[in-house]
Amino acid sequence: MDIADSFAELAIPQQSTRAGIYHYDAYDRAFLQERIAEFRGQVERRLAGALTEDEFKPLRLMNGLYLQLHAYMLRCAVPYGILSSQQMRQFAHVARTYDRGYGHFTTRQNLQFNWIKLVEAPDALAALAEADLHAIQTSGNCIRNVTTDEYAGAAADESVDPRVYAEILRQWSTLHPEFSFLPRKFKIAITGAAVDRAAIQVHDIGLAVKRDAEGRIGFEVWVGGGLGRVPVIGNKIRDWLGEDDFLAYMEAVLRVYNALGGRENIHKARIKILLRDVGPAKFTEMVEREFSWIPKEKFRIDPEVIAAIRAHFDPPPFAVLPNAAATLAQQVAANAAFAAWVEHNTHPHKQPGYVSAVISLKPIGGVPGDASADQMDAVADLADRYSFDEVRVSHIQNLVLPHVRQDELFEVWQALATLDLATPNIGTVTDIIACPGLDYCSLANARAIPVAQNLSERFRSLERQYDIGQLFLNISGCINACGHHHVAHIGILGVDKKGEEFYQITLGGSATNDAAIGDIVGAALSYDKVVDAVETIIQTYLGLRTSAAEKFIDAYRRVGMAPFKDALYAVA
Amino acid sequence: MQAKVKAKGAAQPLVITANRLGDGRVVWLAGASLGAEGQWSERVADAAIFLGDAADAGMAVAAKAEAAQMVVGAYVVEVAATPAGPAPLRSRERFRADGPSILTAAAA
């Protein structure tokens, strides 16, 4: 009996067969158990003094365990942002048992626990493994959790389901011996929809999976995008990469980066710096040369294997339904609050009669991305009842019930409202991305969360939010840009000035098909000036837009920085 | 950090902080003379104040505490000596001393 067989006998509960997640087999589970046992031994040796902190730190980071300002933080992977309801319940269990009853969903579609104890970390990981969850490759200079569209497999505008390829990338990159010690961390995003909701142009590799005129599957490949200290939009190095060559080409990109990426200066080690230094044309040439001599057959995935992976993501057993337009119209007409939620918090589904429902984790004055254990349990219950046991995490730090019957949408909304999870603000100025900032993070220069809370309170009026229209406002507590401030319409970056919190404001960024890096407006502002500054920017926009239909980003692109800068820094 | 502090001169009040190894909590060196590894308190008000280069002796105690697996990542923090005890000068250290400035989802 091999180890996989022995672990297959463990009484680990089976995942729902309805949820569109990758279902672990005995081999996967055995691997996780081995990994936890290994880490448990490492923790014991650290506590006994057999390992120094310098020796132990890379080992704990490989298991997602960071030491932050106030405690250890455990970053748990949510592969491409998809959870079964059972997994969500297990997060709730870990939050209650090993943390302080809540967790924080991140822009990498992961979940972080802020108050983990080192002595209990192996037990927390063991609890996660009971639901096929782990924290591997959520830190370190490896290929991180692959992210994708939160509506993958559901969106009406999707041409190819990206989850299949995200899962292939996950299996390919997990403990990849050649790519476990890259020059720096490496982030991949993939979308299969017309609208890029995965921010592929600001990733180390961004992939758009699509079909050609003959229906064949291929990929558009973007490389060298990124945020952080050197924000840059990636370069498209392939307009079409056939499915057969998918992994071989990924190998080629990673090999070039692994061989030539800088290793002496941490701030110049990402692939975007290599691309900048050699130039996109030369970089592309090097990748194509590497690709040319890779034995393609070695990396070609057997169609049967792809089919087997695709089977994990087969559509759930949808009912054959007409679109419930009449029912919904009646409910919307009768209830203004429900109407607002339907308008802002739902997304068109490819299956007639269904819709995706967004659960806002941005209640007015709340902590963006935080969910209590009770809320996690409640969302899991709703997923069981209304969405085929499935929940998604968005990189905007919200949750999604991907497959809700339109004729049950009203019930879902009512249930969410009782949980304070029905704020109808998706895409508005209060749907703020915020990193943990200086309230938790050891790298941060300034707080992000209370800035978000204060802005949320200032713009709490839904009438006002809707008048302002679509506006993405993101906040990072330091230049590492976990809050994606560079690609926000209004970005806020926390900086340190002589030990005090200051904030730099950028305008005009975008994370989608028209990706752009925001422009710095001017000198950084003190903490108590930020909310008023955003108010001034928005009032300026409202005053100069051509009509209510002209979005903030479009108005900014039309008029440029000057009117906003003048308004913000005008001398009385 | 150390060099920057020394540049402030002998009169700059300093305290020493670290995270406790077992649970990561913020701790402050409270009694350097009490035992080789010192005593560590979760309250910044209990922190022992060193003036200028005297912090080197405190850091030596902290190094022993690190070697004894009590704490991790010890370093020196500039403070103002107030009647209520040491008050960190930099915002980062104030938040380490006081904890998150926000209500959490569970507490809200």
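Residues numbered from 1 in each chain as written. Chains lettered and ligands numbered in written order. Predicted model: local features only at pLDDT ≥ 70, side-chain atom pairs only at ≥ 80, totals over all residues. Heavy atoms only, no water.

1. Considering the overall build of chain B
Point 1. Regarding its fold elements, chain B presents 3 helices and 6 strands.
Point 2. Reading chain B from its N terminus to its C terminus gives the helix and strand order α-β-β-β-β-α-β-β-α.
Point 3. Looking at the 108 residues of chain B, the share that counts as buried comes to 46%.
Point 4. Across chain B, every contact between residues at least 6 apart in sequence was considered, and the portion connecting residues at least 24 apart equals 57%.
Point 5. For chain B, the exposed surface amounts to about 4,800 Å²; the carbon and sulfur share of it is 57%. (Helix = DSSP H or I, 4+ residues; strand = E, 2+ residues; numbered from the N terminus. Buried < 20%, exposed > 50% of the residue type's maximum accessible area, 1.4 Å probe, protein only. Contact = heavy atoms within 4.5 Å. Areas by Shrake-Rupley, 256 points an atom, 1.4 Å probe, with all protein chains shown as cover.)

2. What about the overall build of chain A?
Point 1. Helices and strands together make up the secondary structure of chain A, namely 20 helices and 21 strands.
Point 2. The C-alpha radius of gyration of chain A comes to 23 Å, within 12% of the 25 Å expected for a compact globule of 572 residues.
Point 3. A buried classification covers 62% of the 572 residues belonging to chain A.
Point 4. Counting only contacts in chain A whose residues sit at least 6 apart along the sequence, the fraction spanning at least 24 positions is 68%.
Point 5. In the form shown here, chain A has an accessible surface area of approximately 21,100 Å², with 53% of it arising from carbon and sulfur atoms.
Point 6. The distance from the centre of the 56 positive side-chain charges to the centre of the 70 negative ones in chain A is 6 Å. (Rg over C-alpha atoms; globule rule 2.2 N^0.38 Å. Lys, Arg positive; Asp, Glu negative; His and termini not counted. Charge placed at Lys NZ, Arg CZ, Asp CG, Glu CD.)

3. Thoughts on the interface of chain A and chain B
When the parts come together, some accessible area is lost, and that loss is often what is quoted as the size of the interface.
Point 1. Facing the 37 residues of chain A at the interface are 25 residues of chain B.
Point 2. When the two sides are added together, the surface that chain A and chain B hide from each other amounts to roughly 2,400 Å², 57% of it contributed by carbon and sulfur.
Point 3. Between Asp496(A) and Arg90(B) there is a salt bridge; the shortest N-O distance is 3.3 Å.
Point 4. Seen at the junction of chain A and chain B, the total is 10 residue pairs in polar contact (both at pLDDT 80 or more).
Point 5. Going through the elements one at a time, α2 (26-48), β5 (111-116), β13 (370-372), α16 (449-458) and β19 (500-507) of chain A are the ones with two or more residues in the side of chain A that touches chain B.
Point 6. Among the residues making up the side of chain A that touches chain B, the classes are represented as 17 nonpolar, 9 polar and 11 charged. (Buried area = accessible area lost by both parts, 1.4 Å probe. Salt bridge = Lys/Arg side-chain N within 4 Å of Asp/Glu carboxyl O. Polar contact = N/O pair within 3.5 Å; in protein donor to acceptor, adjacent residues only side chain to side chain. Nonpolar A, V, L, I, M, F, W, Y, C, P; charged D, E, K, R; others polar.)

4. Overview of the sheet that holds strand β11 (residues 346-348) of chain A
Residues and elements named next belong to chain A.
Point 1. As summarised here, the arrangement of the 5 strands in space is β3-β14-β15-β12-β11, forming an open sheet in which the pairing is antiparallel. Two strands lie at the open edges of the sheet, namely β3 (82-84) and β11, each paired on one side alone. Mean inter-strand twist for the sheet, computed between neighbouring axes without regard to direction, equals 30°.
Point 2. As paired elements, strand β14 (residues 390-393) and strand β15 (residues 399-405) share 2 bridges and run antiparallel to each other. When the sheet's bridge partners are listed, Arg392 is paired in β15 with Val400.
Point 3. In the packing of helix α15 (residues 409-418) onto the sheet, the strands contacted are β11, β12 (354-359) and β15, and the crossing angle to β15 comes to about 150°. (Pairing = 2+ DSSP bridges. Axes fitted to C-alpha atoms, helices over the stretch in contact; angles between N-to-C directions.)

5. Section: the pairing of strand β17 (residues 473-476) of chain A
All names here are of chain A.
Point 1. Because side chains alternate across β17, one face comprises the buried residues Leu473 and Ile475, and the other comprises Asn474 and Ser476, equally buried.
Point 2. The pairing of strand β16 (residues 433-434) with β17 spans 2 bridges and is classified as parallel. Note on β17: the bridge partner recorded for Ala434 is Ile475.
Point 3. Two elements, β17 and strand β18 (residues 490-497), share 4 bridges in a ladder whose sense is parallel. Within β18, the residue paired with Leu473 across the bridge is Ile490.

6. What about the pattern of salt bridges?
Residue and element names in this part refer to chain A.
Point 1. Applying the stated criterion across every chain, the model contains 50 salt bridges over all chains.
Point 2. One salt bridge in this structure joins Arg392 and Glu390, with 2.7 Å as the shortest N-O distance.
Point 3. On the basis of relative accessible area, Arg392 is assigned to the buried category, the value being 1%.
Point 4. For Glu390, a relative accessible area of 1% gives the class buried.
Point 5. Linked by salt bridges that have partners in common, Asp161, Arg163, Glu390 and Arg392 make up one network.

7. Section: the domain arrangement of chain A
Residue and element names in this part refer to chain A.
Point 1. According to the domain assignment, chain A contains domain 1 (3-129), domain 2 (154-312), domain 3 (325-418) and domain 4 (433-569).
Point 2. Each of domain 3 and domain 4 was reduced to a C-alpha centroid, and the two centroids are 27 Å apart.
Point 3. Contact residues are listed per partner, giving 12 residues for domain 3 and 11 residues for domain 4.
Point 4. Approximately 990 Å² of surface area, both sides summed, lies buried where domain 3 meets domain 4, with 62% of it carried by carbon and sulfur atoms.
Point 5. Of all residues in domain 3, Ile364, Gly365 and Pro368 bury the most surface against domain 4, accounting for 43% of the area lost on that side.
Point 6. Applying the counting criterion to the domain 3 and domain 4 interface returns 0 salt bridges.
Point 7. Taken together, the connections running from domain 3 to domain 4 amount to 3 residue pairs in polar contact (both at pLDDT 80 or more).
Point 8. When grouped by side-chain class, the residues that make up the side of domain 3 that touches domain 4 number 6 nonpolar, 5 polar and 1 charged. (Domains from an automatic or database assignment.)

8. Remarks on the sheet that holds strand β4 (residues 102-105) of chain A
All names here are of chain A.
Point 1. The strand order across the open sheet built from 5 strands is β1-β2-β5-β4-β13, with neighbouring strands paired in antiparallel fashion. The two strands at the open ends of the sheet, each matched to only one other strand, are β1 (65-67) and β13. Going across the sheet, the axis of each strand differs from the next one's by a mean of 30°, ignoring polarity.
Point 2. Here β4 runs beside β5; their pairing, made up of 2 bridges, is antiparallel. The partner of His104 across the bridge, within β5, is Gln112.

9. Focus on unusual backbone geometry
Residue and element names in this part refer to chain A.
Point 1. Phi at Asp132 is positive, roughly 60°, even though this residue is not glycine.
Point 2. At Gln137, a position not held by glycine, the phi torsion is positive, near 60°.
Point 3. Among the secondary structure elements, Gln137 is positioned in the loop between α5 (121-129) and β6 (147-148).

10. A look at the nonpolar core
Residues and elements named next belong to chain A.
Point 1. Residues Phe91, Tyr165, Leu207, Phe246, Met250, Phe283 and Trp341 are the most contacted members of the largest nonpolar core, which totals 115 residues.
Point 2. Dropping the residues within four chain positions of it, Phe91 is found in contact with Cys76, Ala77, Val78, Leu83, Leu111, Phe113, Leu128, Leu133 and Met376.
Point 3. Formed by 35 residues, the second largest nonpolar core is a distinct cluster that contains Ile432, Val530, Val534 and Ile538. (Core = buried A, V, L, I, M, F, W, Y, C linked by side-chain atoms within 4.5 Å.)

11. Description of the side chain of Ser510(A)
All names here are of chain A.
Point 1. Checked against the element boundaries, Ser510 lands in the loop between β19 and β20 (519-520).
Point 2. Within the local environment of Ser510, its side chain forms a polar contact with the side chain of Asp514, the two groups lying 2.6 Å apart.
Point 3. Sequence-distant contacts of Ser510, defined by excluding residues within four places in its chain, comprise Val487, Ala488, Ala515, Ala516 and Arg557.

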